[in-house]
Amino acid sequence: MNTPVYDFVHKYAGQDVSRFHMPGHKGKSFLGCEAFDITEIEGADVLYGCNGIIKESEDNLSSLFGTAHSYYSTEGSSLCIKAMLALALQGKEDPLVLAARNVHKAFCYAAALLDFEVEFIYSKASHLCSCEINAEDVKNAIENSKKKPCALYLTSPDYLGYIPDIKAISNVCKEYKIPLLVDNAHGAYLNFLPRSLHPIELGATLCCDSAHKTLPVLTGGAYLHISMNAPKIYTENARSMLSLFASTSPSYLILQSLDLGNRYISEGYRDRLLKTVNDISVIKEKLMSEGFFVKTSEPLKIVFENENATELCIHFRNNGIEAEFCDKDTLVLMASTENNKSDYERLLYAAKSYKGSKKRALKEKEFSFKAQRAVSIRKAMFCEAQTISIEDALGRICACPTVSCPPAVPVVVSGEIITDKSIEIFKEYGIKKISVIK
Ligand SMILES: Cc1ncc(COP(=O)(O)O)c(C=O)c1O
């Protein structure tokens, strides 16, 4: 597959040009990568008005994912999430979005900026990051929502690697003529498994992938995908909706990285991925035979449920292994095709030498409580707020969810009343202060 963006920048960097354009480093080496860090000069195309090399590269991407079109973001899925919601809201008055509760905070920011109402769907999940819902739950939520929702929004896979039955859920959405939007930040690779588990393949209308999370792409590189079956208005307006929230100075380092990602995928990625998936599956079995409890999850995650996950995380760190996420009872490792045999050997060696408890954490189904909304997300986000101690927050209304626990899933969404249960969770995550409406 060709790499028009990468080729253009490398050719330009090799020429003797006096750069009287941005950026101010003029291609001189400070970090080392500046020669390749350009702006939208002649021939370099314009990300959200492209018809040259960026368009050609995005067409390559679209053919890899089988979409009506796939768009680049150099500002992560955080940007794509806002654009997806803006697209779904076009032409809707007093819009309502149904969303599984484990939203990333980018969704809450979109609700504040676009001023849509949200009805959350809850599950009996035992972790803040999870919301294990099925088609039946979605059907009930649609039937019981106070008005016809303009979209259903899911996070899949979640941070702990859970993937709901998107095919069945998308069939329900089709029955009710509601677009299905999926935050697939963790799942770009899912399209390249022997049987694709990518949301677009399973019936989603719109979906975003953080290419940087599972593919060898620089941090910030992401995709917004529009399905072949989506209304035409989505492809017509996608660039406008992306540029509504995006910087006018996209990083060409990230664009080149996304461009090279296409070649990486087209040249044997499926085989390399299958090998990695098999390797990880063998490692999970070995870890379980060592006595660890490893949760069933999407193929590239290794999720330990452990009564002292923090200690296990520190042990791994002391053995040269840095995890993606850890809280008191869950430890998440994320792999990609770029991990190698010595990474796996190191992991198994560290696991074997662990002397602490391997017992599974005993957890109550603590995230099944339903939050009570007092004011809209927008009103709460832009209100006059004050920061108070968590101890004093009972009964107050959450303002801005700057206190979302790692990894950015809010315990309390803006405009919701803070309960004793939420205070307990904040304390568990070591959060001491919260912003509330004055
Ligand atoms: C589930 C989920 N959605 C969205 C995002 C935001 O993605 P990005 O960092 O690409 O903006 C994240 C980031 O960690 C995430 O975990």
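Source: prediction; values computed, not measured. (Residues numbered from 1 in each chain as written. Predicted model: local features only at pLDDT ≥ 70, side-chain atom pairs only at ≥ 80, totals over all residues. Heavy atoms only, no water.)

(A) Seen up close, the domain arrangement of the protein. According to the domain assignment, the protein consists of domain 1 (46-254), domain 2 (269-352) and domain 3 (370-437). In this complex, domain 1 contributes 18 residues to the contact, which on the side of domain 2 involves 20 residues. Taking both partners together, domain 1 and domain 2 bury about 1600 Å²; carbon and sulfur atoms supply 63% of that area. Together, Y159, L160 and Y189 form the three largest contributors to the area buried by domain 1 at its contact with domain 2, with a combined 35%. Measuring nitrogen to oxygen at the nearest pair gives 3.9 Å for the salt bridge that ties K295 to E132. (Domains from an automatic or database assignment. Contact = heavy atoms within 4.5 Å. Buried area = accessible area lost by both parts, 1.4 Å probe. Salt bridge = Lys/Arg side-chain N within 4 Å of Asp/Glu carboxyl O.)

(B) Summary view of the pattern of salt bridges. For the coordinates displayed, the defined rule picks out 17 salt bridges. Put simply, K275 and D279 hold a salt bridge, and the shortest N to O gap is 2.9 Å. Of this pair, K275 and D279 both sit in helix 10 (residues 269-289), separated by 4 residues, roughly a single helical turn. Salt bridges linked by common partners bring R101, R373 and E416 together as one network. (Helix = DSSP H or I, 4+ residues; strand = E, 2+ residues; numbered from the N terminus.)

(C) Summary view of the pairing of strand 12 (residues 433-437). With 4 of 5 residues buried, strand 12 is to be regarded as a mostly interior element. Bridge count between strand 11 (residues 385-389) and strand 12: 5 bridges; the pairing is antiparallel. Paired with T387 across the bridge in strand 12 is S435. (Buried < 20%, exposed > 50% of the residue type's maximum accessible area, 1.4 Å probe, protein only. Pairing = 2+ DSSP bridges.)

(D) Representation of the sheet that holds strand 2 (residues 96-100) within the structure. What the 7 strands build is an open sheet, ordered 1-7-6-5-4-2-3; its pairing is mixed. Each edge of the open sheet is held by one strand with a lone partner, namely strand 1 (69-73) and strand 3 (117-121). Between one strand and the next, the sheet's axes are offset by a mean angle of 20°, whatever the strand orientation. Relative to the sheet, helix 4 (residues 105-114) contacts strand 2, strand 3 and strand 4 (151-155), its axis offset from that of strand 3 by approximately 150°. Seen against the sheet, helix 9 (residues 252-266) touches strand 1 and strand 7 (222-226) and runs at an angle of roughly 135° to strand 1. (Axes fitted to C-alpha atoms, helices over the stretch in contact; angles between N-to-C directions.)

(E) Main features of the site of the ligand. Taken together, 13 residues sit near the ligand, with S78, D183, H186, S210 and H212 positioned nearest. At 2.8 Å from an oxygen atom of the ligand is found a side-chain nitrogen or oxygen belonging to H186. Separating an oxygen atom of the ligand from a side-chain N or O atom of H212 is a distance of 2.8 Å. Compared with its free state, where it exposes 390 Å², the ligand has 85% of that area covered by protein. In terms of residue count, helix 3 (residues 76-89) provides more of the shell around the ligand than any other element does, 4 residues in total. Of the residues that constitute the shell around the ligand, the class distribution is 3 nonpolar, 8 polar and 2 charged. (Near = heavy atom within 4 Å. Polar contact = N/O pair within 3.5 Å; in protein donor to acceptor, adjacent residues only side chain to side chain. Areas by Shrake-Rupley, 256 points an atom, 1.4 Å probe, with all protein chains shown as cover. Nonpolar A, V, L, I, M, F, W, Y, C, P; charged D, E, K, R; others polar.)

(F) Just the side chain of K82, in detail. Mapped onto the fold, K82 is located in helix 3. This buried residue, K82, is left without a salt bridge; E75 holds the nearest opposite charge, at 7.7 Å. In this structure, K82 is in contact with A106, Y109, A110, L113, L114 and F245, ignoring residues within four places of it in sequence. (Lys, Arg positive; Asp, Glu negative; His and termini not counted.)

(G) Geometry of the sheet that holds strand 10 (residues 330-334). Sheet architecture is open: 3 strands sit in the order 8-10-9, paired in antiparallel fashion. Each edge of the open sheet carries a strand with a single partner, namely strand 8 (301-305) and strand 9 (325-326). Bridging between strand 9 and strand 10 involves 2 bridges; their strand directions are antiparallel. Each residue of the ladder has a partner; that of F325, found in strand 10, is V332. Along the sheet, helix 11 (residues 309-318) makes contact with strand 8, strand 9 and strand 10, crossing strand 10 at roughly 35°.

(H) Molecular detail of the nonpolar core. Membership of the largest hydrophobic core comes to 76 residues, with the highest contact counts inside it found for I54, L85, V97, F107, F116, Y153 and Y223. Broken down by element, this core gets its largest block of residues, 10 residues, from helix 3. Residues contacting F107, with those up to four places away along its chain left out, are I81, L85, V97, A99, F116, V118, F120 and Y153. The next biggest cluster of nonpolar side chains, apart from the first, holds 23 residues, and it includes L152, I169, V182 and C207. (Core = buried A, V, L, I, M, F, W, Y, C linked by side-chain atoms within 4.5 Å.)

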